[in-house]
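# Residue-level structural notes
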Amino acid sequence: MTADRRNHAVRAAVEQGLLTEEQPVAALLDIAGIRASAAALRGAFADVTDAPVLHAFAVKAAPLVPVLALLNDEGIGAEVASPGELALAQAAGIPADRTVLDSPAKTLAELSEALTLGIAVNADNPQELARLDELTAGGTSSPLGIRVNPQIGGGSIGALSTATATSKFGVALRDEGARKTVVRAYLDRPWLTRLHTHSGSQGIPLARMVEGVREVYELAQEINAAAGSQQVTTIDIGGGLPVNFDSEETAPTYAEYAALLKEQVPGLLDGRYGLVTEFGRSLLAKNGFFLARVEYTKTSGSRPIAVTHAGVQVATRTVYDPESWPLRIAAYDGQGRPKAGEPVVQDVAGPACFAGDLLAQGRALPLLEQGDVVAALDTGAYYFSNHYGYNSLPRVGVHGYAVTDGTDGTDGGVRFSLVRAPQTTAEIVAESGGGLARSLL
Ligand SMILES: *Cc1c(COP(=O)(O)O)cnc(C)c1O
């Protein structure tokens with residue numbers, strides 16, 4: 001289904017001229033796919049609890065205003081971690097009471113703005129809590145909580161493991177005295193009504209995520225027992241559902257995660273606690289891909305190499321850490337039709353000027369030829385949306401697509417909607433000090 005829609009979209013993208021001499025890379029987002037993922041998330045939690053649940057999309061996974069507005073239309077709020085992300089959420093029309101601010105380095109000004117707006121804040125550490133003491137002196141409508149690190153251990157990708165013994169995030173719960181300090185902090189501050197954890201992203205096994213959630217649930221129970229009332233009303237369980245980058249299959253599913261939570265932490269879902277979730281990658285990854293034209297092909301040391309226009313600027317993690325972040329590559333011909341042919345081991349290279357700029361190394365694909373098109377799949381989150389400006393390569397254009405039945409007169413049955421215009425060369429010059437050319441003379 002998804003693959004069918006994608007093949008339609010690639011054909012139409014080529015026919016409708018989304019790939020050009022000037023724009024040899026284009027990113028595409030499956031609008032129906034995003035809506036289906038949002039519905040799957042809502043449904044999975046609705047199936048296991050009657051409690052109110054705010055699903056807040058982690059904006060960093062796809063910081064694009066039309067995407068946030070689409071998710072808002074699906075009842076999904078926003079988790080933001082910088083003034084820029086907050087501004088994007090606001091531009092998308094996401095209400096303050098559906099926005100959550102998490103970040104380990106919030107300035108006083110950011111905290112103050114969040115409290116003025118009434119958006120939820122999770123304090124990262126005791127120093128931030130001290131700032132909140134001052135800022136809330138006159139009262140606030142913001143739901144406030146503390147982020148804790150259950151220190152349950154990491155996953156297969158160190159850089160994304162937030163719940164290790166020495167992680168920089170949250171209050172390290174197993175450090176000496178920390179648990180007592182956290183409980184005391186709640187007893188001293190009746191306005192602390194939330195508790196937050198996010199055990200990591202991609203590479204964390206499901207069972208470990210559930211363990212992290214169980215730890216915060218038990219801490220909430222302990223705080224409420226000590227307070228003699230339901231002071232903690234809402235538990236924010238973070239995001240981090242891993243994405244399968246190996247095949248079309250969505251695995252694990254939100255339903256599997258929710259069912260495991262129900263089995264392992266039933267008290268969390270029995271209606272006493274409201275919930276917040278902060279999924280990012282799992283909502284968008286499989287609903288996006290980017291296309292790039294093959295500019296040249298060659299051999300080097302007898303290895304065939306297809307030189308494309310997509311590399312480190314749109315696939316930063318894959319290029320710098322290919323072992324952790326392999327991407328599926330689909331080959332299309334110059335008309336955008338799936339390419340057939342005997343698989344040949346080859347490299348798919350990007351345009352940047354360093355040797356490691358490869359989308360795929362030693363990959364068996366139909367032999368790519370000049371003028372073909374390659375698609376890097378499952379890249380709807382953290383890839384083209386998180387541009388990396390190496391070699392002054394431009395931010396690529398992003399287009400939403402909807403496969404129609406053709407009765408509305410659209411070309412090829414696929415309608416594209418611009419999500420982000422491609423960056424122009426003039427814009428690159430301007431943001432690179434172009435207006436200040438003589439400032440160092
Ligand atoms: C990045 C992040 C998320 C989202 O993680 P995904 O792996 O994209 O689901 C959620 N919460 C916090 C605090 C984060 O930093």
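Nothing here was measured: the structure is a model prediction, and the numbers come from that model. (Residues numbered from 1 in each chain as written. Predicted model: local features only at pLDDT ≥ 70, side-chain atom pairs only at ≥ 80, totals over all residues. Heavy atoms only, no water.)

What follows is about the overall build of the protein chain. Assigned secondary structure in the protein chain consists of 12 helices and 18 strands. In terms of C-alpha radius of gyration, the protein chain reaches 23 Å, essentially the compact-globule figure of 22 Å for 441 residues. The burial tally for the protein chain puts 53% of its 441 residues in the buried class. Across the protein chain, contacts joining residues at least 24 apart in sequence account for 69% of those joining residues at least 6 apart. For the protein chain, the accessible surface area stands at approximately 18,400 Å², while carbon and sulfur atoms represent 52% of it. Separation between the mean location of the 35 positive side-chain charges and that of the 49 negative ones in the protein chain comes to 2 Å. (Helix = DSSP H or I, 4+ residues; strand = E, 2+ residues; numbered from the N terminus. Rg over C-alpha atoms; globule rule 2.2 N^0.38 Å. Buried < 20%, exposed > 50% of the residue type's maximum accessible area, 1.4 Å probe, protein only. Contact = heavy atoms within 4.5 Å. Areas by Shrake-Rupley, 256 points an atom, 1.4 Å probe, with all protein chains shown as cover. Lys, Arg positive; Asp, Glu negative; His and termini not counted. Charge placed at Lys NZ, Arg CZ, Asp CG, Glu CD.)

Moving on, we come to the pairing of strand S2 (residues 53–58). Counting buried residues along S2, five of its six residues qualify, which places the element largely inside the surrounding structure. As paired elements, S2 and strand S10 (residues 274–277) share three bridges and run parallel to each other. Paired with His-55 across the two strands is Thr-277, which belongs to S10. As judged from the three bridges shared by S2 and strand S3 (residues 77–80), these two strands associate in the parallel manner. Bridge pairing links Ala-56 to Gly-77 in S3. (Pairing = 2+ DSSP bridges.)

The next thing to look at is the packing of helix H2 (residues 31–46) against helix H3 (residues 65–73). If you want to describe how two helices pack, look at the angle between their axes and the distance between the axes. Where H2 contacts H3, the axes come no closer than 10 Å and their chain directions differ by 45°. Compared by their axis directions, H2 and H3 come out oblique. Handedness of the crossing formed by H2 with H3: right-handed. Note on element contacts: H3 touches H2 through Leu-70, Leu-71 and Asp-73, opposite Ile-31, Ile-34, Arg-35 and Ala-38. (Axes fitted to C-alpha atoms, helices over the stretch in contact; angles between N-to-C directions. Parallel < 35°, antiparallel > 145°, perpendicular 65-115°, else oblique. Left-handed = near helix turned anticlockwise from the far one by under 90°.)

The subject of this paragraph is the domain arrangement of the protein chain. Taken domain by domain, the protein chain comprises domain 1 (2–29 + 285–431) and domain 2 (31–281). If you average the C-alpha positions of domain 1 and of domain 2, the two centres end up 33 Å apart. Facing the 28 residues of domain 1 at the interface are 24 residues of domain 2. With both chains or domains summed, domain 1 and domain 2 bury close to 2,100 Å², and 61% of this area falls on carbon and sulfur atoms. The largest per-residue losses of area from domain 1 upon contact with domain 2 belong to Lys-286, Trp-325 and Tyr-382, which jointly make up 29% of the total buried on that side. In this structure, the salt-bridge partner of Glu-248 is Arg-328, at a minimum N-O distance of 3.0 Å. Summed over the shared surface of domain 1 and domain 2, the number is 13 residue pairs in polar contact (both at pLDDT 80 or more). (Domains from an automatic or database assignment. Buried area = accessible area lost by both parts, 1.4 Å probe. Salt bridge = Lys/Arg side-chain N within 4 Å of Asp/Glu carboxyl O. Polar contact = N/O pair within 3.5 Å; in protein donor to acceptor, adjacent residues only side chain to side chain.)

Glancing now at unusual backbone geometry. Looking along the chain, the bond that leaves Ala-251 and enters Pro-252 is cis, with omega of -5°. Position of Pro-252 relative to the elements: it lies in the loop between strand S9 (234–236) and helix H9 (254–264). You will see that Gln-202, though not glycine, has its phi angle at about 35°, which is positive. As for its placement among the helices and strands, Gln-202 is situated in the loop between strand S8 (192–196) and helix H8 (206–227). A relative accessible area of 9% means that Gln-202 is categorised as buried. For Ser-302, which is not glycine, the phi dihedral falls at a positive 65°. Topologically, Ser-302 is positioned in the loop between strand S11 (288–300) and strand S12 (303–308).

What the rule picks out here adds up to 10 aromatic pairs. Between Tyr-217 and Tyr-273 the ring centres are 5.9 Å apart and the planes differ by 80°, which places this aromatic pair in the edge-to-face class. Of this pair, Tyr-217 sits in helix H8 while Tyr-273 is found in the loop between H9 and S10, placing the two residues 56 residues apart along the sequence. The pair formed by Tyr-217 and Tyr-273 is uniform in burial state, with each residue classed as buried. (Phe/Tyr/Trp six-rings, centres within 6.5 Å; stacked < 30°, edge-to-face > 60°.)

With that out of the way, let us pick up the packing of helix H5 (residues 108–117) against helix H6 (residues 126–135). Contact geometry of H5 with H6 gives a least axis separation of 11 Å together with a crossing angle of 50°. Considered as vectors, H5 and H6 are oriented oblique to each other. In this structure, the crossing between H5 and H6 has a hand that is right-handed. Contacts from Leu-108, Leu-111, Ser-112 and Leu-115 of H5 reach H6 at Glu-128, Arg-131, Leu-132 and Leu-135.

As a further point, take the site of the ligand. Taken together, 14 residues sit near the ligand, with Lys-60, Ser-201, Glu-278, Arg-281 and Tyr-382 positioned nearest. At a separation of 2.8 Å, an oxygen atom of the ligand approaches a polar backbone atom of Arg-281. Contact with the protein chains covers 94% of the free accessible surface of the ligand, which is 390 Å². Taken together, the residues of the shell around the ligand sort by class into three nonpolar, five polar and six charged. (Near = heavy atom within 4 Å. Nonpolar A, V, L, I, M, F, W, Y, C, P; charged D, E, K, R; others polar.)

We now examine the side chain of Glu-74. Looking at the element boundaries, Glu-74 is found in the loop between H3 and S3. Excluding residues within four positions of it along the chain, Glu-74 makes contact with Arg-35, Ala-38, Ala-39 and Arg-42.

Judged by nonpolar contacts, the single largest core of 102 residues is most densely connected at Tyr-257 and Leu-284. The residues that make up this core include at least three from each of domain 1 (2–29 + 285–431) and domain 2 (31–281). The contacts of Leu-284, once residues within four sequence positions are left out, are Leu-29, Ile-34, Phe-57, Ala-62, Val-67, Leu-71, Gly-380 and Ala-381. Counting 18 residues, the second largest nonpolar core, distinct from the first, contains Leu-19, Leu-291, Ala-330 and Tyr-401. (Core = buried A, V, L, I, M, F, W, Y, C linked by side-chain atoms within 4.5 Å.)

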